[in-house]
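Single-letter residue listing:
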Amino acid sequence: MAKSSAPSRERIVAGAADMISRRGLSATSIRELAKHAKAPLGSTYHYFPEGKQQLATEAVRYAGEAVARIVRKELEAGPAAGLRAFLALWRGIVVESDFRAGCPVLAVSVEEPAADGEIPPSLVAAAEAFDSWEQLLAEALRKHGAAPDQATGLAALIVASVEGAIAMCRAKRSMQPLDRVAQQLEALIISALDHPA
């Protein structure tokens, strides 16, 4: 069977996630998202008939699930290993893009909502991604001995700290903020566990 030359839906979504991580959502048109994914505009509208907001929502879900898969696998070795994987993922993205890309979930989160006050689906997807990362981390912390309340709070602190550090790294064009946050978070994880990971 001959392969189709049309870009796959997943490739368009992945390209959109990358573009949003670089420029944000408001500063990006669906035409630019399609071009960045090397997809014809017609194919993009075929897969995403509702337009930019539908594509952005799928891009955020894609990014959220990709991060969760990586972190979930590494958390099997313990919370500190999961943290290191989370940090390494973002370090790679920031460094490989020469500080041009960050987290598409964060990029969508800081966008101003529509004037009608309705919460856009992409923002809902961003909240769901953050929740899933926090839940994975909290579950691993509890499993390895952290108190339930402490695990929940520490998981939120980890996600918020890493996301903030990514933004700082891009602004400062230095990985130092992420390195400092990594050191502090790992110390907090170790102190929260009955048996250090």
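Residues numbered from 1 in each chain as written. Predicted model: local features only at pLDDT ≥ 70, side-chain atom pairs only at ≥ 80, totals over all residues. Heavy atoms only, no water.

**Student:** I'm lost on the pattern of salt bridges in this one. Help?
**Tutor:** Think of it this way: side chains of opposite charge can pair up when their charged atoms draw near. Counted according to the given criterion, the structure contains eight salt bridges. R9 serves as the salt-bridge partner of E58, at 3.8 Å between the closest nitrogen and oxygen. Note that E58 is positioned in helix α4 (residues 52-75) and R9 in helix α1 (residues 9-23), a separation of 49 residues in sequence. Since its relative accessible area comes to 32%, R9 is described here as partly exposed. The residue D98 makes a salt bridge to R100 at a minimum N-O spacing of 3.7 Å. Note on D98: relative accessible area 33%, which makes it partly exposed. Overlapping salt bridges, with partners in common, bring together R9, E58 and R61 in one network. (Salt bridge = Lys/Arg side-chain N within 4 Å of Asp/Glu carboxyl O. Helix = DSSP H or I, 4+ residues; strand = E, 2+ residues; numbered from the N terminus. Buried < 20%, exposed > 50% of the residue type's maximum accessible area, 1.4 Å probe, protein only.)

**Student:** Could you clarify how one ought to interpret the side chain of E163 in this entry?
**Tutor:** Mapped onto the fold, E163 is located in helix α8 (residues 148-172). Salt bridges are absent for the buried E163, whose nearest opposite-charge side chain, R170, sits at 9.2 Å. Aside from chain neighbours lying at most four places away, what touches E163 is F86, W90, C103, L106, F130 and W133. (Lys, Arg positive; Asp, Glu negative; His and termini not counted. Contact = heavy atoms within 4.5 Å.)

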